[in-house]
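Structural features, examined
Below, each chain spelled out in residue letters.
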Amino acid sequence: MEEDKLILKPEFKNIYFVEKLINTSRNIPDDKRSAVLIIATEMFDNIVDHSIGPVDAYVIITISHSQRTKMVFSYETTNFQDLIEGVRRSRPHYDPKAGRYRGMGLRMTRYLASHIVYQESEPMSSITVYL
């Protein structure tokens, strides 16, 4: 089966297109669709919120399925190591400065995915999620 692919600017308003991709992808089994939706929106949100990249940056999201579902987020960033460090240290906690709890999204994605691979490279780094 061919992969589904979406290319978009890392802007919060584009979360609609991420959700649409997940809801219509032929590569996601119906019993995994809700988990993939949670993971995809969390990953895209983190890329938008925390990634530092060029003004003309974009995110490529691909979804494929052979023996299991694979979703890849590729994007240009200069602070990928900050993301990796955040993944390692992430613990749910209340952030009084932000007035909300933080760190639950990354933990949730770790539990929903069977495996996540973070790969830093030039010019595009990637996050590969297996379900």
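Above this text you will find the structure in question.
Right, let's walk through the structure included here. Predicted model, so just to flag it, every value in this text is computed and none were measured.

Tracing the backbone through its elements, the reader meets Pro123 in the loop between strand 6 (115-119) and strand 7 (125-130). A sequence separation of 80 residues divides Pro123 from Met43, and the C-alpha atoms of the two residues are 19 Å apart. What Pro123 contacts, discounting residues up to four positions off in sequence, is Tyr75, Glu76 and Thr77.

Taken in spatial order, the five strands make up an open sheet running 1-2-3-7-6, and their pairing is antiparallel. At either margin of the open sheet sits one strand with a lone partner, and together these are strand 1 (4-8) and strand 6. On average, each strand axis in the sheet is tilted by 10° relative to the strand beside it, whichever way the strands run. Where strand 6 lies against strand 7, five bridges are found, and the strand directions are antiparallel. Each bridged residue has a counterpart across the sheet, and for His115 the counterpart in strand 7 is Tyr130.

With respect to the element layout, Thr41 can be found in helix 2 (residues 33-50). Setting aside anything within four residues of it in sequence, one finds Thr41 in contact with Ile15 and Glu19.

Parameters and conventions
- Residues numbered from 1 in each chain as written.
- Predicted model: local features only at pLDDT ≥ 70, side-chain atom pairs only at ≥ 80, totals over all residues.
- Heavy atoms only, no water.
- Helix = DSSP H or I, 4+ residues; strand = E, 2+ residues; numbered from the N terminus.
- Contact = heavy atoms within 4.5 Å.
- Pairing = 2+ DSSP bridges.
- Axes fitted to C-alpha atoms, helices over the stretch in contact; angles between N-to-C directions.

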